[in-house]
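Examination of the molecular architecture
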Protein chains: 2
Amino acid sequence: MSTRPFHHGNLRAVLLEEAEAVLRTGGVEALSLRELARQAGVSHGAPRSHFIDRQALLDALAEQGFDRFTERITAALADGGTVAERFRRVGRAYVDFAVEHAVLMDLMFAAKVDAPAGPIGAAAARLFRTLDSAMGDPVDPADEDARERFKLLFAATMQGTATLIAARRISRAQGEAVVDDAMEALLGSPLGRAALPSR
Amino acid sequence: MSTRPFHHGNLRAVLLEEAEAVLRTGGVEALSLRELARQAGVSHGAPRSHFIDRQALLDALAEQGFDRFTERITAALADGGTVAERFRRVGRAYVDFAVEHAVLMDLMFAAKVDAPAGPIGAAAARLFRTLDSAMGDPVDPADEDARERFKLLFAATMQGTATLIAARRISRAQGEAVVDDAMEALLGSPLGRAALPSR
DNA sequence: ACCTGAACACCGTTCAAGT
DNA sequence: ACCTGAACACCGTTCAAGT
């Protein structure tokens, strides 16, 4: 078999991988389709076969980001323990991921995203659903509202903590302290007690 | 006096004003120095006299953003009331501003910013200092650590709530509920009671 | 001090053409 | 189905020159 022009069908994956590296090192504005094509050894028009435009590549990165995020949260849940222990671990995993992938997170939570319909919104919904596992089964169906509100409050707090760290407004150590303080306040609040099984 | 080439010294202000409008309507990537110059009726090289490059303009917008943010928070504090009432108002003002100026907030909390030295970091510090007024005078100097931590936790929670709303992951109404739930949890927590005067 | 206008290198996007 | 390569319109940045 003759060596084909260059890429055999994995160009899409190669571009996404390269793009992630650029995101980490230089931010979104450093990401150029032409440069990506150059690094992949294809012509500048080639990416067009896989991504209709630059935004489509950014969207694909965001969707992939949500899925990786979900994996990390799921992994943090695997060890079991009490509800409090699980949430503390998930909280740290949330902040860790968000700080490590700060630019990717900006993409994932960009206002321009197709939320909540579309693939990115669906990926975001999957992430959110894994938080249900952290809470355990609902004891009383009447607590469903409290559970929803608790999840939102939890996500908001972790999200904000990550933003402050990524923006270097607070140090990593201060961020850890915020997570601990947040979990203590949330778990001990009336909402926390209504949402989570007491045992 | 003859009409001077065009602008008489306010080009900088004009550019910033135009840029803010672009930010609201089309986001950062829609912001072009050449387009700004065109709208201002000057040549494409003119902005160079006021901003060394595109990033310098973005930085100026971020700094200005922090100052406006501080004004809004200060205004929310003006009406007095109990600590709980003040914090509830500040919380809403925080989220409102962040949602209204979502793109600007991204600029303000971008990782690339010169934090904490430099003009933007200084403007951010001024914002944070206004939160001291919300807490009132420290009762016991030993509570200084609790006050710092409470401020961080408060800021993180509001910041995260704003992000979720701006990203359309939650509705405006859900966001309001998160703010209320957050304030109840924070004010009632051990940290909240240590940081805030009980009366 | 502030602005002009040419010049340069770099983009994203489109599209006919190749395999 | 996937990639090439020319073409187009648009950028940011630099810099000598004008006032």
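Above: the structure in question.
Moving on, we get to the protein's contact with DNA strand C. Lining the immediate environment of DNA strand C, one finds 19 residues, of which Arg34, Arg38 and Arg48 of chain A together with Ser43 and His50 of chain B sit closest. Residue Ser32 of chain A places a side-chain N or O atom 3.3 Å away from a sugar or linking oxygen belonging to DNA strand C. In this structure, His44 of chain B approaches DNA strand C through a side-chain N or O atom, which is 2.7 Å from a base nitrogen. Sort the elements by how many residues they give to the surface near DNA strand C and helix H2 (residues 33-40) of chain A lands first, with three residues. Residue classes in the surface near DNA strand C are distributed as five nonpolar, eight polar and six charged.

Of the transformation superimposing chain B on chain A, the axial component is 0.0 Å and the angular component is 180°, with the fit at an RMSD of 0.0 Å. Such a turn and shift between the copies fits a two-fold axis. Within chain B, Gly160 of chain B has its C-alpha nearest the rotation axis, a separation of 1.8 Å. A symmetric contact is evident, with 100% of the interface residues of chain B recurring at the interface of chain A.

We now examine the nonpolar core. Inside soluble globular proteins, nonpolar side chains tend to come together where they are buried. By size, the foremost hydrophobic cluster in this structure holds 137 residues, and its most contacted members are Leu61 of chain A together with Leu61 of chain B. Once residues within four sequence positions are removed from consideration, Leu61 of chain B is found in contact with Leu16, Ala19, Glu20, Leu23, Leu31, Leu104 and Leu107 of chain B.

Quick look at the interface of chain B and chain A now. On the side of chain A, 38 residues touch chain B, which itself brings 38 residues to the contact. Of the roughly 3,000 Å² buried where chain B meets chain A, counting both sides, 66% is carbon and sulfur surface. Interface area lost by chain B to chain A is led by Leu152, Arg169 and Asp181 of chain B, which between them contribute 20%. Summed over the shared surface of chain B and chain A, the number is two salt bridges. Residue Asp181 of chain B pairs with Arg149 of chain A through a salt bridge whose shortest N-O separation is 2.6 Å. If you look at where chain B meets chain A, you find two residue pairs in polar contact (both at pLDDT 80 or more). Going through the elements one at a time, helix H6 (118-135), helix H7 (144-166), helix H8 (172-188) and helix H9 (190-195) of chain B are the ones with two or more residues in the side of chain B that touches chain A. Ranked by residue count, the leading element in the side of chain B that touches chain A is H7 of chain B, at 12 residues. Partitioned by chemical class, the residues of the side of chain B that touches chain A number 23 nonpolar, eight polar and seven charged.

All right, on to the protein's contact with DNA strand D then. Close contacts around DNA strand D come from 19 residues, with Ser43 and His50 of chain A together with Arg34, Arg38 and Arg48 of chain B the closest. When atoms of DNA strand D within 4 Å of the protein are split into backbone and base, the sugar-phosphate part holds 56%. The side chain of Ser32 of chain B places a nitrogen or oxygen atom 3.3 Å from a sugar or linking oxygen of DNA strand D. Between a phosphate oxygen of DNA strand D and a side-chain N or O atom of Arg38 of chain B, the distance comes to 2.7 Å.

All right, on to the environment of Asp140 of chain B then. All names here are of chain B. Within the secondary structure layout, Asp140 lies in the loop between H6 and H7. For Asp140, a relative accessible area of 37% gives the class partly exposed. Asp140 sits 20 residues away from Ile120 along the chain, and the two C-alpha atoms are 32 Å apart.

All names here are of chain B. Look at H6 against H7: their axes get within 11 Å of each other, and the N-to-C directions meet at 110°. In terms of axis orientation, H6 runs roughly perpendicular to H7. Seen along the crossing, H6 lies across H7 with a hand that is right-handed. Where H6 approaches H7, its residues Phe128, Leu131, Asp132 and Met135 are matched on the opposing element by Arg147, Glu148, Phe150, Lys151, Leu152, Phe154 and Ala155. Among the residues forming the contact of H6 with H7, the class breakdown is seven nonpolar, no polar and four charged.

Here we take up the pattern of salt bridges. Opposite charge on two side chains lets them pair, provided their charged atoms get close. All names here are of chain A. Summed over the entire model, instances satisfying the criterion amount to 24 salt bridges over all chains. Between Glu100 and Arg72 there is a salt bridge, and its shortest N-O distance comes to 3.4 Å. In this pair, Glu100 sits in helix H4 (residues 83-100) while Arg72 sits in helix H3 (residues 54-77), placing the two residues 28 residues apart along the sequence. Judged by its relative accessible area of 43%, Glu100 is partly exposed. Judged by relative accessible area, Arg72 falls into the partly exposed class, the value being 29%. When the shortest N-O distance is used, the salt bridge between Glu144 and Arg147 registers 3.9 Å. In this pair, Glu144 and Arg147 are both assigned in helix H7 (residues 144-166), three residues apart and thus about one turn of the helix distant. For Glu144, a relative accessible area of 38% puts it in the partly exposed group. On the accessibility criterion, Arg147 (4% relative accessible area) is buried.

On to unusual backbone geometry. All names here are of chain A. Despite not being glycine, Arg168 has its phi angle at roughly 60°, a positive value. With respect to the secondary-structure elements, Arg168 resides in the loop between H7 and helix H8 (172-188). Given a relative accessible area of 53%, Arg168 falls into the exposed group.

About the cut-offs
Counting restarts for each chain, with residues numbered from 1 along the sequence as it is written. Whichever chain is written first becomes A and whichever ligand is written first becomes 1, with later ones labelled in order. Local features in a predicted model are, by the rule used here, given only for residues with pLDDT of at least 70; side-chain atom pairs are given and counted only at 80 or more, and totals for whole chains, interfaces and linings are based on all residues. Side-chain measures here rest on the full set of heavy atoms in the structure, leaving out hydrogens and waters. Note on definitions. A residue lies near a molecule or strand when any single heavy atom of the residue is within 4 Å of it. Polar contacts, as used here, are pairs of N or O atoms within 3.5 Å; protein pairs need one atom able to donate a hydrogen and one able to accept it. Residues neighboring in sequence count only if both atoms are side-chain atoms. Helix numbers and strand numbers start at the N terminus; a helix is a DSSP run of H or I with at least 4 residues, a strand a run of E with at least 2. Each residue gets one of three labels, nonpolar for Ala, Val, Leu, Ile, Met, Phe, Trp, Tyr, Cys and Pro, charged for Asp, Glu, Lys and Arg, and polar for the others, Gly among them. When the copies are overlaid, the least-squares fit takes in C-alpha atoms only where the residue has pLDDT of at least 70 in both copies. Whether two residues touch is decided by their heavy atoms; if any such pair falls within 4.5 Å, the residues are in contact. Only buried residues count toward a nonpolar core, which is a set of Ala, Val, Leu, Ile, Met, Phe, Trp, Tyr and Cys residues joined through side-chain atoms within 4.5 Å. For every residue, the accessible area (1.4 Å probe, protein chains only) is compared with the maximum for its type, and the residue is labelled buried under 20%, exposed over 50%, or partly exposed between those bounds. Defined in terms of a 1.4 Å probe, buried area is the accessible area two parts forfeit on being brought together, summed over both. Basic side-chain nitrogens of Lys or Arg form a salt bridge, by our definition, when they fall within 4 Å of a carboxyl oxygen of Asp or Glu. Axis definition: a line fit to C-alpha positions, over the contact stretch in the case of helices; interaxial angles, taken between N-to-C directions, run 0 to 180 degrees. Orientation labels follow simple angle bins: below 35 degrees gives roughly parallel, above 145 gives roughly antiparallel, 65 to 115 gives roughly perpendicular, and whatever is left gives oblique. Left-handed describes a crossing whose near helix is turned anticlockwise from the far helix through less than a right angle; right-handed describes the clockwise counterpart.

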